[in-house]
Amino acid sequence: MIQHLLDGILVGAVLSLGAAGLTMVMHMLRFANFSHAELLSIGAYSALVFDALFKGISPVLAAQIGLLSMTGALALSMVFSMVITGISAVIFDKLIFRRVREKGEELSMVFASFGLALIIRNAIGLIFGLQTKLYSQDIVFATVLSRDPLVLVKPDQLATLGITLAIILLLHLILSRTIFGYALRAVAENPSLAQVNGINLQRMIVVVWVLGGGLAALAGVFYGLNNQITPVIGRDLVLPIFAATIVGGIGSIYGALLGGFVVGTAANLAVMVLPSGYSPSMPFLIIIAVLLIRPNGLFGEERT
Amino acid sequence: MKRCNRMMVSTLSVAMGLALSAGAAAAQDCTTKIGAVLPTSVDWGRPIAETAQFVVDQVNEAGGVAGCNVEMVLRDSQVDPKVGVDAAKALVDLDGVQVLLGAVSSGVSMPILTSVTVPGNVLQMSCCSSSTAFTKLAEEGKTKGLFFRTFATTGVQAAVGAKVAKDQGYKSVAILYKNDDWGQDLQNLIAKDFEALGITVTSATAINDGQPSYRAEVTSALSGNPDALYLGLYPNEGTAAVREWLSLGGTQNMIMANSLKSDEFRDNVGLQYLGKAFGTDTASPRVASADSFVAAYEAKFGGAPNGPGLANSYDATMIALLAMEAAGKDATGDQIAAQVARVTDPAGTPVTADAAGFAAARDVLAGGGNVMYQGATGNVRFDVNGDVSAPAVVWKFAEESVEEVEYMSLTDVDDFIASLK
Amino acid sequence: MIGLVSYLVFFAIVASILAIAVLGLNLQWGNTGLFNGGVVAFFGAGAYGTLILGGGPQDGQLGGFGLFYPLALLGGMATAGLLAWGVGILTLRLRHDYLAISTFGIAVAFENLMRNAQWLGGGAQGLRGFNRPLRAALGDGFLYNILFLLCVLVLLVLTYRFLETLVASPFGRQLRAIREDETAARSLGKTPARIRLTAFVTGSVIMGLAGGLYGTFYAFVSPQDILPTLTFQIWAMLIVGGAGNNKGAVLGAFLIWGAWTASGWALSRFAPIEAQLYTGSIQYILIGLVIVGMLLWRPQGLLPERLVVSQLGRTKT
């Protein structure tokens, strides 16, 4: 039981990062972006490319950091990958979402995001091939935290959790303590009024995409580290991330964090109750349960 | 007058000579199409299609079928039944194919069979559809003898897997199986076989496609503290599950279905952890010519023909083309289907699985004889329902590819299965 | 030539069946503004319901009642309606993107159920043992397909007429009223919740009809048929054709299904041999481009909603 709870939180950390980016985009731009999870894919694959590059350039970087299977090269690649993914997100917005926003309504954006997701996923499949890839083929063994009840954790997952918590805290501080954060929130609440106060709307939109993309890249790399890298990362994660976002409430960063943990834990606890064949339904049953009690998610607010 | 006659004779002979050579050249210029509906947009589907095309290339090298070049028209099924069925219908109606290779998942093969190939009298040869529903359909007479599959029935796979557990002395096994028709079948059958042998099944956990993490499933499999782990998975989720299993301290005693006989799986898990991992599969024939198939494959693709469905896809394509050769030019699907028995006759002349083998078969068939095709999956022999049973082999991973641990002839397999009842 | 006609008949059958489903979605989204993300669940309920009620007995499974075909089809539609009623009661009060995700989740749960509950629908093996109506008399060939197409077209036209009448009727006005301004409608004494539920259930029953016909045509259904990709395809058809317009719904179905199949055919025919293995991925990219392109060019769809004027204003003399 404890193991399952712990597993849920560790697995959920990746979902929380993805949800944090998505919740910002959904709150600001007011549409359900089904291509957000593809940014995780882009992040994971760019990190793969940079990782190979850095390992080739300097063998020193190829050493693993402590107990983790992450290498120095991968840590450095993460930063580059965040930049690339952020830029990609801005490009997609410029090319597609901005134009659809001007002409159509919300449903058109949702559909455009579906179409974009198909394109990105299959383009990655064409470029990199469909086989499974890994950052490191070494299997890192779990550490035994306690013998009875048996509790095991993998160092990689602990690192993921630690970094996720740090990033979420940082994000929250930025949003609540800095002027920049205020500007972002103002634009999300009421774009016209924010512009009246001199905030540059276009620049804020770019910032949101860059932040969302960066968070997604991080989530993608952690997912690749803890699982494996395939072109269908986006397809597999889009719904759990949506579930996490909705459970937490759109617009709330802490909600995204909690939502990720809830979804991760639900999937893990479900195996105790239902045959594992039903695991894919768990995130949704959680969503429906949460929404029946709190129709705007745990921390969400009524949308104006 | 005589000169005129001589001129006429020589003109006539030149004209006849030209006509004959033109006719022969024309025979080489014709093209026969066969259709293939395979999931090329899925990672394990693409190599299956590649292998089928490889066979077509080899046959064309050997001079084609009934004097014509073979062209394989490939359509992606997208693992979506209505897309697959539509593609099959287009191949039959628009391209006029009489032979259809496909599909891989039973959920796509079945509607193709009922709504396209049986009504259209087209031969359908599937490399990999495992559902027992096809056997039942054939027993009811609804396939009209048009459906064959080069996929050995799951019952054999399960029985051999259980035998490995018994031979290794495992008292309890946990099962991880893929949650599709193949995996569900396999799990049902092997659970019964384990029980019959007195081995406890501590848990049987379904692994769904495309989940972010298999931690929960692996943890629940671990909790029963089994002596060994049985894996009915494909390389993608197999890699994820086994890596998770090992990192959580699970035992290295593993038994794998033939779907995990893949270099990708071996490399991503690591040979050092696979020392006690035994796999089951259908056996290749124990003749030197079997090596030529592997050699040719490696020459073309740079790697051994390991991977789910590759050997089966090779055999499906080759047998279909052999049957087409036997049936002759412009044969219809049902005529070709009737010839399948001629090219898989256990009393026939053995031919190997390569271009030379095809050429040899052509000569034998032209002379009215029968052929026994020694395929990549063994001496393929179809029963009355279009199913195959084959001898079995137990294998384990090695540096370069796989090595055989034990061979069970068809009689051995049948006896063992009987002993489980 | 005969091959082309045979293929076109086959294509038209599938496109018409999908068009019926799109009409059902149009009632829910186009007329009532309900974002149903779980179309495939109601479609699937219709398919499975029809095959369970109309099929032969299968060991270890529910079903095999062997009912007279029209009854089985109605039974499938009723199953879809019942499922919709339950789902609607739970979720219709949610705001629309949450409704989309919840209904999507219901569809995933339904697929999981059919995949795992082997006693119910055969599990991943699917449900077989169904004999198409009149197959014994008419055989399986071209003649059968032509007749089947005629039946499906008749049902399509009937559904279309039914929905057009509905939209022009007082009920249709109520739907538009609650879609445009719910508070105003409530102030006039309408009960939006009940009206929405009725529209949702009716639309789902129509989707169930499409599902039943689908299962009948292939004489087989499996969890592969009820994956989320169908929901996406039906939505794309409505978006491209024009939400809110029944003609647009039918047009969209034929266009998108035509694009889907034609792109596969064209790639297999014209792409160079080296690219043949990649045509699957390329086809998806083309489809994505079509969707995005359509939305950039004409987001309201090819045939946008026409406002129905029920009563012309009369000037007072």
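Predicted model, so just to flag it, every value in this text is computed and none were measured. (Residues numbered from 1 in each chain as written. Chains lettered and ligands numbered in written order. Predicted model: local features only at pLDDT ≥ 70, side-chain atom pairs only at ≥ 80, totals over all residues. Heavy atoms only, no water.)

Engineer: Which residues make up the overall build of chain C, and what values do they have?
Structural biologist: Each helix and strand in chain C was counted, giving 13 helices and zero strands. When the helices and strands of chain C are read in sequence order from the N terminus, they spell out α-α-α-α-α-α-α-α-α-α-α-α-α. Once the C-alpha set of chain C is aligned to its principal axes, its extents read approximately 70 × 50 × 40 Å. Going through the 317 residues of chain C one by one, you find that 61% of them count as buried. Intrachain contacts of chain C at a sequence separation of at least 6 include 79% that bridge at least 24 residues. (Helix = DSSP H or I, 4+ residues; strand = E, 2+ residues; numbered from the N terminus. Buried < 20%, exposed > 50% of the residue type's maximum accessible area, 1.4 Å probe, protein only. Contact = heavy atoms within 4.5 Å.)

Engineer: Please give an account of the side chain of Glu38(A) that cites residues and values.
Structural biologist: Among the structural elements, Glu38(A) can be located in helix α2 (residues 36-57). Using a relative accessible area of 1% as the deciding quantity, one classes Glu38(A) as buried.

Engineer: Could you give an account of the sheet that holds strand β4 (residues 123-126) of chain B, with specific residues and numbers?
Structural biologist: Residue and element names in this part refer to chain B. Spatially, the five strands line up as an open sheet ordered β2-β1-β3-β4-β5, and their pairing is parallel. The sheet terminates laterally at β2 (69-76) and β5 (147-149), the two strands that pair on one side only. Neighbour-to-neighbour, the strand axes of this sheet turn through a mean angle of 25 degrees, independent of strand direction. Both β4 and β5 contribute to a ladder of three bridges, which runs parallel. Directly across from Ser 126, in β5, lies its bridge partner Arg 149. (Pairing = 2+ DSSP bridges. Axes fitted to C-alpha atoms, helices over the stretch in contact; angles between N-to-C directions.)

Engineer: How would you summarise the packing of aromatic side chains if you had to cite specific residues and measurements?
Structural biologist: Inspection of the entire model under this criterion finds 37 aromatic pairs over all chains. Ring geometry for Trp44(B) versus Tyr234(B): centroids 5.3 Å apart, planes at 70 degrees, classification edge-to-face. Separated by 190 residues along the polypeptide, Trp44(B) in the loop between β1 (31-38) and α2 (45-61) and Tyr234(B) in the loop between β8 (228-232) and α9 (235-247) bring together distant segments of the chain. Look at Trp44(B) and you get buried, because its relative accessible area is 18%. Above the face of the Tyr234(B) ring, Lys178(B) is positioned so that its terminal group lies 4.8 Å from the ring centre. The ring of Trp297(C) has Arg298(C) lying over it, and the distance from NZ or CZ to the ring centre is 6.0 Å. (Phe/Tyr/Trp six-rings, centres within 6.5 Å; stacked < 30°, edge-to-face > 60°. Lys NZ or Arg CZ within 6 Å of the ring centre and 35° of its normal.)

Engineer: Give a description of the pairing of strand β3 (residues 99-102) of chain B that names residues and reports values.
Structural biologist: All names here are of chain B. Burial along β3 is two-sided: the face carrying Val 99 and Leu 101 and the face carrying Leu 100 and Gly 102 are both buried. In this structure, β1 lies alongside β3, joined through three bridges in parallel fashion. Considered in β3, the bridge of Gly 35 is made with Leu 100. Note that the unit made of β3, helix α4 (residues 106-120) and β4 has a crossover that is right-handed. (Right-handed = clockwise from strand over helix to strand, strands pointing away.)

Engineer: Break down the side chain of Glu217(B) for me, with residues and values.
Structural biologist: Relative to the elements of secondary structure, Glu217(B) occurs in helix α8 (residues 215-222). No salt bridge is formed by the buried Glu217(B), whose closest oppositely charged neighbour, Arg215(B), lies at an N-O distance of 9.4 Å. Setting aside residues no more than four positions away along its own chain, Glu217(B) makes contact with Ser276(A), Ser279(A), Leu176(B), Thr205(B), Ala206(B), Ile207(B) and Gln211(B). (Lys, Arg positive; Asp, Glu negative; His and termini not counted. Salt bridge = Lys/Arg side-chain N within 4 Å of Asp/Glu carboxyl O.)

Engineer: Can you lay out the interface of chain A and chain C for me, pointing to particular residues and giving the numbers?
Structural biologist: Between chain A and chain C, the residue contacts involve 39 residues of the former and 38 residues of the latter. With both sides pooled, the region where chain A packs onto chain C buries about 3,400 Å², and carbon together with sulfur makes up 78% of that total. Among the residues of chain A in contact with chain C, Leu107(A), Phe111(A) and Leu126(A) are the three that bury the most area, contributing 18% of the side total. Counting every contact that joins chain A to chain C gives zero salt bridges. (Buried area = accessible area lost by both parts, 1.4 Å probe.)

Engineer: With reference to specific residues and values, describe the state of the cysteines.
Structural biologist: Residues and elements named next belong to chain B. Across all of its chains, the model carries two disulfides over all chains by this definition. Here Cys 30 pairs with Cys 68 through a disulfide, and the sulfurs are 1.8 Å apart. With the S-S bond torsion at -105 degrees, the cross-link from Cys 30 to Cys 68 turns out left-handed. Note that Cys 30 is positioned in the loop between α1 (2-29) and β1 and Cys 68 in the loop between α2 and β2, a separation of 38 residues in sequence. One exposure class covers both Cys 30 and Cys 68, and it is buried. Here Cys 127 connects covalently by a disulfide to Cys 128, the sulfurs 2.0 Å from one another. Residues Cys 127 and Cys 128 share a disulfide whose torsion about the S-S bond is about -95 degrees; that sign makes it left-handed. On the basis of relative accessibility, which here comes to 8%, the residue Cys 128 falls in the buried class. If one numbers only the bonded cysteines of chain B, in the order they occur, the disulfide pattern is 1-2, 3-4. (Disulfide = S-S within 2.5 Å.)

Engineer: Mind laying out a nonpolar patch on the surface, listing which residues take part and the relevant values?
Structural biologist: All names here are of chain C. A surface patch of nonpolar side chains, amounting to about 770 Å² of accessible area, comprises Leu 62, Phe 65, Leu 67, Phe 68, Leu 71, Leu 74 and Trp 119. Along the chain, Leu 71 falls in helix α3 (residues 69-91). Overall, the relative accessible area of 46% leaves Leu 71 in the partly exposed class. (Patch = residues over 30% accessible without salt bridge, like charges linked within 9 Å, V, L, I, M, F, W, Y side chains within 5 Å. Areas by Shrake-Rupley, 256 points an atom, 1.4 Å probe, with all protein chains shown as cover.)

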